[in-house]
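What follows is the residue order along each chain.
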Amino acid sequence: MSTESRPAHADPALASLLQDTAASAATWLSEVGDRPVRAAASRADLLAGFGAPLANEGMPAPEVVRALAAAAEPGLVGIPGPRYFGFVIGGSLPAALAADWLAATWDQNAGVYAAGPSASVVEEVVGAWMIDLLGLPADTGFGFTTGCQMAHFTCLAAARHEILRKAGWNVEDDGLVGSPRITVITSAEAHATIPTALQYLGIGRSRSLQVATDAQGRIELASLAELLEKVDGPLIVTLQAGNVNTGAFDPLAEAIPMIRRRRPNAWIHVDGAFGLWAAASPRLRHLVAGLGLADSWATDGHKALNVPYDSGIAFVRDAGAHTRALSPTAAAYIAYGDVERDEFRWVPEYSRRARGFALWAALRQLGRTGVASLIERQVELAQRLAAGLRMAPADVRVQILNDVVFNQVLIRFPAASGKDLDGDERTRAVVRAIQADGTAWMSGSAWHGLTVMRASVSNWSTTDADIDLTVDAIVRAARSVS
Ligand SMILES: *Cc1c(COP(=O)(O)O)cnc(C)c1O
């Protein structure tokens with residue numbers, strides 16, 4: 001083949017672009033543990049770096065990628081690194097990261113089997129692995145979404161379908177105008193994405209009744225029982241495996257049978273964005289006892305499991321309700337698979353990224369025991385952080401507010417009596433100081449009326465030494481704020 005007729009993708013310049021890009025990615029990752037965790041640049045710096053307006057003329061691809069890296073790097077946060085403890089964010093396991101590069105390279109459309117058979121089959125395989133790992137009922141339906149937000153949307157769309165079907169109403173065809181009224185019971189500490197899913201589904205955010213919670217943020221069974229007596233008609237109840245602040249688990253083994261007994265037609269959904277993974281560990285599984293009795297479960301791949309963004313997973317026990325609620329209307333130019341899995345029947349998207357490859361790679365890299373120890377390590381490291389802070393000298397004035405049962409630690413910095421700053425102000429100041437210091441990154445949060453610092457341990461690469469460095473940094477930050 002002459003050079004002139006070489007296909008564009010066989011151009012050696014493309015291979016060297018990808019190699020150079022891989023080298024620059026590897027360099028960034030090799031340094032991420034040593035650089036400040038926070039971003040270095042301000043918004044104004046970044047705007048200047050990314051530049052505007054769009055030029056009329058294009059630019060050669062290698063220059064574009066170099067310019068992009070130069071513009072972006074000052075505004076990157078060390079999320080893949082070992083001392084990022086903000087939110088529950090996770091890093092990327094090496095095999096999952098590399099698999100995700102391949103997913104972009106292969107550019108399959110994971111909407112229908114016909115547009116990417118491997119992308120479809122890998123989802124079949126990964127879905128079955130996860131159902132087994134998490135101990136969910138066999139034949140549970142699953143869909144791979146952008147995150148837990150859309151996993152909630154997916155599961156609650158299935159819920160809306162099924163509870164209205166039982167009430168004689170076809171919501172997919174006829175919508176919600178004039179439908180029987182749906183009631184939702186959630187926890188007073190449901191994650192913000194639950195009301196948002198209800199908002200998207202037309203059920204409404206303010207229709208839900210809230211179950212009172214205890215000091216750790218778990219629902220109170222007596223409050224649940226009381227609410228169940230009050231409501232009638234189609235009902236959805238959402239429970240939580242892993243409170244976003246404390247990591248606490250709702251008492252699923254008591255709550256689910258109670259709901260079933262009193263309201264057999266209710267749909268029970270579990271938010272397990274990170275906590276569902278407790279089910280994959282023989283040592284932690286007790287936290288989610290009763291989990292398998294629910295109707296649907298939402299979780300993330302991009303948090304505890306350390307798969308790159310974006311990766312959420314919706315599980316629905318009744319696979320028929322799942323696909324009836326989510327399947328798009330027929331399109332004449334697409335033949336649906338018979339036994340083949342057309343992914344768009346399980347998620348709210350049509351064309352989409354092949355998310356199954358990265359999940360497959362993460363689970364293959366870890367194996368069954370590796371998943372368990374990944375999750376167990378997160379808990380041990382969170383407990384090490386809490387223990388390190390509890391042992392700090394009295395002048396540091398630091399308190400741990402939660403029982404560290406999972407990967408979350410809530411930290412408070414009380415004011416010294418007679419000082420100007422009260423505990424909320426001092427805690428806010430310590431959060432600012434730790435973020436500026438750059439050794440680690442933790443966010444502020446509000447917990448039962450108090451300002452707190454919230455640490456989430458969810459990265460595969462975090463070591464004991466990283467936790468100890470973080471304890472020292474927190475102690476320094478607290479001492480700098482009297
Ligand atoms: C993070 C989180 C969510 C939302 O997940 P996304 O992946 O960000 O959409 C929902 N529930 C809980 C408990 C979470 O921690």
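Summarised in this report is the structure supplied together with it. (Residues numbered from 1 in each chain as written. Predicted model: local features only at pLDDT ≥ 70, side-chain atom pairs only at ≥ 80, totals over all residues. Heavy atoms only, no water.)

A few points about the packing of aromatic side chains
We apply this condition: Only rings of Phe, Tyr and Trp enter the pairing, Trp through its six-membered ring, and a pair is recorded when the two centres are within 6.5 Å. The plane angle decides the type: under 30 degrees is stacked, over 60 is edge-to-face, the rest tilted. In DSSP terms, a helix is any run of H or I states spanning at least four residues, a strand is any run of E spanning at least two, and both are numbered starting from the N terminus. Buried, partly exposed and exposed residues are distinguished by accessible area as a fraction of the type maximum, computed with a 1.4 Å probe on protein chains only: under 20%, between the cut-offs, and over 50%, respectively.
For the structure on display, the rule yields ten aromatic pairs. Between W129 and W360 the ring centres are 6.2 Å apart and the planes differ by 25 degrees, which places this aromatic pair in the stacked class. Here W129 is found in helix α5 (residues 117–133), whereas its partner W360 is found in helix α12 (residues 356–390), with 231 residues between them in sequence. With relative accessibility at 34%, the residue W360 sits in the partly exposed group. Through successive ring pairs, a cluster of aromatic residues spans Y84, F87 and W441.

Focus on the side chain of T145
Under the convention used in this document: Contacts described as polar in this section are N or O atom pairs within 3.5 Å, which, within protein, must combine one atom able to donate a hydrogen with one able to accept it, while residues neighboring in sequence count only if both atoms come from side chains. Contacts: residue pairs with any heavy atoms within 4.5 Å of one another.
Tracing the backbone through its elements, the reader meets T145 in strand β1 (residues 141–145). From its side chain, T145 meets the backbone oxygen of G147 in a polar contact 2.8 Å long. In this structure T145 touches M150, A151, T154, D310, S311, G312, I313, V347, P348 and R355, once residues within four positions along its chain are discounted.

Details of the packing of helix α9 (residues 221–230) against helix α10 (residues 252–262)
Test applied: Angular values range over 0 to 180 degrees, each being the angle between N-to-C directions of two axes fitted as lines to C-alpha atoms, with helices fitted over their stretch in contact. Oblique is the label for any angle not under 35 degrees, not over 145, and not in the 65 to 115 range, which are roughly parallel, roughly antiparallel and roughly perpendicular in turn. Each crossing gets its hand from how the near helix is turned against the far one by less than a right angle, where anticlockwise is left-handed and clockwise is right-handed. Residues were grouped as follows: Ala, Val, Leu, Ile, Met, Phe, Trp, Tyr, Cys and Pro as nonpolar; Asp, Glu, Lys and Arg as charged; and all remaining residues, including Gly, as polar.
It is at 11 Å that the axes of α9 and α10 come closest, and there the two elements cross at 15 degrees. By the criterion of interaxial angle, the relationship of α9 to α10 is roughly parallel. For the element pair α9 and α10, the recorded crossing hand is right-handed. Contacts between α9 and α10 pair L221, L224, A225, L228 and E229 from the former with E254, A255, M258, I259 and R262 from the latter. For the contact of α9 with α10, the per-class residue count stands at seven nonpolar, no polar and three charged.

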